[in-house]
Amino acid sequence: MRTCLTLACLTGTPVRVFNIRAGRRSPGLRPQHVLSASAAAHITGGALTGAEPGSREITFTPGPLSAGTYTFDVAAERASAGSTGLVFQTLALPLSFAPGTSRVIIKGGTHVEWSPSADYIKEVFLPAVKKAGVDIEVENPVKGFYPVGGGELLVTIKPCVRPLLPVTLTERGAITRISILSTVANLPLSIAKRQLDRAQERLGGLGAHVLGESVEVRSPGRGTAVFILAEFEKTRAGFSALGARGKRAEAVADEAAESFLAYLGASGVLDPHLSDQVMLPMALAEGVSAATTTEVTGHLRTNIHVIEKFLPVKFDIRGETGREGQVTVAGAAYRGKE
């Protein structure tokens, strides 16, 4: 749905999305999906129906994109720690093609399950799309953990290169540095230190320079997180894990470390999440883009299917679902709507 809303904004195409999250335990729209749709309508002055929690169908007719100053709150209608990251990714590319700089505040969950954390967006996603000519800055002064939320993303989106530049993400190069950030909010700092100690123990034998920091962060609620950033000569990769009631600090660190070690044992450049997220910039660019991934997921294939419905492009996916692979596409050289 995120990709569908983004492309509707960019192309001006009216859309109807139905059977939303039909196979989930709680089908229909969640608060972050409602806000994503409402935000898309707001930045385009478009018409939107069906955008309410639990709804399984929406219709959206976008208007022209407008740069500006916006504030969006996932909990505006219902208390929620819904993901700010999903809302951000719905708006990032449309506002990049808007005529002028936009400043956006998004309130809600910044460190929650099943969505990119603020750390991941800032340290991995943005550097990847910057290669294509996207110019976005993100700050996260207040963290939002489940179930309270209340975090903030402060986003500055400048006009991008038109059309976007093709990207080649097929080689990592040598690993140059590993950084571990262990955070706590409204809990003893000793928990963050335990997380950091365990993560450093797990990664200390890799032969790369490992930096570590344990910090207390601002948040309305309680929470802990570990974020591992791996820097290579030609790319970056990030791995997050979140604390929860009854979950030991060491288990949080192990979760992030094991995700990183699994990535290190593969050869693809992009992790499964980033590979899904960069397909749209690749499709919009002028020229041929290519990327290797540690896993071709069903979600990646679905996202590509949606993109091909909106843009005159055809992706070449090499690799079986669940295995490493490569994706190549000759982009649409999208320049924005006049």
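Scroll up a little and you will see the structure.
Computed from a prediction, not measured in an experiment: that's the story for all the values here.

Student: Is there a simple way to think about the overall build of the protein chain in this case?
Tutor: When its secondary structure is counted, the protein chain shows nine helices and 15 strands. Here the C-alpha atoms of the protein chain give a radius of gyration of 19 Å, agreeing with the 20 Å that 2.2 N^0.38 yields for 338 residues. Each principal axis of the C-alpha distribution contributes one length, and for the protein chain these read about 55 × 45 × 40 Å. Counting the 338 residues in the protein chain, one finds 52% classified as buried. Considering only contacts in the protein chain between residues 6 or more positions apart, those separated by 24 or more positions represent 73%. Here the protein chain displays about 14,900 Å² of accessible surface, and carbon together with sulfur accounts for 48% of that area.

Student: Whenever I open this one, the side chain of threonine 183 confuses me. Can you help?
Tutor: Relative to the helices and strands, threonine 183 resides in strand β9 (residues 175-185). Here threonine 183 is in contact with Ala192, Gln195, Val215, Val217, Gly223, Thr224 and Ala225, once residues within four sequence places are set aside.

Student: In this structure, what is going on with the packing of helix α5 (residues 189-203) against helix α6 (residues 249-264)? I would like to understand it.
Tutor: When two helices pack together, their arrangement is captured by the angle between the axes and the distance separating the axes. Packing of α5 against α6 brings their axes to within 8 Å, and their N-to-C directions diverge by 35°. In this structure, α5 meets α6 at a crossing whose hand is right-handed. Contact with α5, carried on its side by Ile191, Arg194, Gln195, Arg198, Ala199, Arg202 and Leu203, involves Ala249, Glu250, Val252, Ala253, Asp254, Ala257, Glu258, Phe260 and Leu261 of α6 and no other residues of that element. Broken down by class, the residue content of the contact of α5 with α6 amounts to nine nonpolar, one polar and six charged.

Student: How should the sheet that holds strand β8 (residues 168-169) be read in this particular structure?
Tutor: Sheets are built from strands that pair by backbone hydrogen bonding, the pairs being arranged parallel or antiparallel. Strand order across the open sheet formed by four strands is β8-β13-β15-β14, with mixed pairing between neighbours. Single-partner strands in this sheet number two, and they are β8 and β14 (316-318). Bridge count for β14 against strand β15 (residues 325-330) is three bridges, and the pairing is antiparallel. For isoleucine 317, the partnering residue across the bridge sits in β15 and is valine 327.

Student: What is the right way to read the packing of aromatic side chains from this model?
Tutor: Aromatic ring pairs are described here by two measures, namely the spacing of the ring centres and the angle between the planes. This model, assessed by the stated rule, comprises six aromatic pairs. Centre to centre, the rings of tyrosine 70 and phenylalanine 72 are 5.8 Å apart; their planes meet at 15°, and the pair counts as stacked. Here tyrosine 70 falls in the buried class, since its relative accessible area comes to 9%. Phenylalanine 72 sits in the buried class, given a relative accessible area of 7%. Measuring from ring centre to ring centre gives 5.6 Å for phenylalanine 239 and phenylalanine 260, while their planes differ by 50°; the resulting arrangement is tilted. On the criterion of sequence distance, the pair formed by phenylalanine 239 in strand β12 (residues 236-242) and phenylalanine 260 in helix α6 is long-range, its members being 21 residues apart. Like phenylalanine 239, the residue phenylalanine 260 is buried in the burial classification. Taken together, Phe232, Phe239, Phe260 and Tyr263 form an aromatic cluster joined through their ring pairs. Positioned over the ring face of phenylalanine 232 is arginine 172, at 5.6 Å from the centre of the ring. In this structure, arginine 172 packs its charged tip against the face of tyrosine 263, placed 3.8 Å from the ring centre.

Student: What is the right way to read the side chain of serine 55 from this model?
Tutor: Summarising the element assignment, serine 55 is placed in the loop between β2 (47-49) and β3 (57-61). In terms of polar contacts, serine 55 uses its side chain to reach the backbone carbonyl oxygen of glycine 50, at 2.7 Å. Within the local environment of serine 55, its side chain forms a polar contact with the backbone oxygen of glutamate 57, the two atoms lying 2.9 Å apart. Apart from the residues within four sequence positions on either side, serine 55 is in contact with Ile20, Gly28, Leu29 and Gly50.

Basis of the calculations
- Residues numbered from 1 in each chain as written.
- Predicted model: local features only at pLDDT ≥ 70, side-chain atom pairs only at ≥ 80, totals over all residues.
- Heavy atoms only, no water.
- Helix = DSSP H or I, 4+ residues; strand = E, 2+ residues; numbered from the N terminus.
- Rg over C-alpha atoms; globule rule 2.2 N^0.38 Å.
- Buried < 20%, exposed > 50% of the residue type's maximum accessible area, 1.4 Å probe, protein only.
- Contact = heavy atoms within 4.5 Å.
- Areas by Shrake-Rupley, 256 points an atom, 1.4 Å probe, with all protein chains shown as cover.
- Axes fitted to C-alpha atoms, helices over the stretch in contact; angles between N-to-C directions.
- Left-handed = near helix turned anticlockwise from the far one by under 90°.
- Nonpolar A, V, L, I, M, F, W, Y, C, P; charged D, E, K, R; others polar.
- Pairing = 2+ DSSP bridges.
- Phe/Tyr/Trp six-rings, centres within 6.5 Å; stacked < 30°, edge-to-face > 60°.
- Lys NZ or Arg CZ within 6 Å of the ring centre and 35° of its normal.
- Polar contact = N/O pair within 3.5 Å; in protein donor to acceptor, adjacent residues only side chain to side chain.

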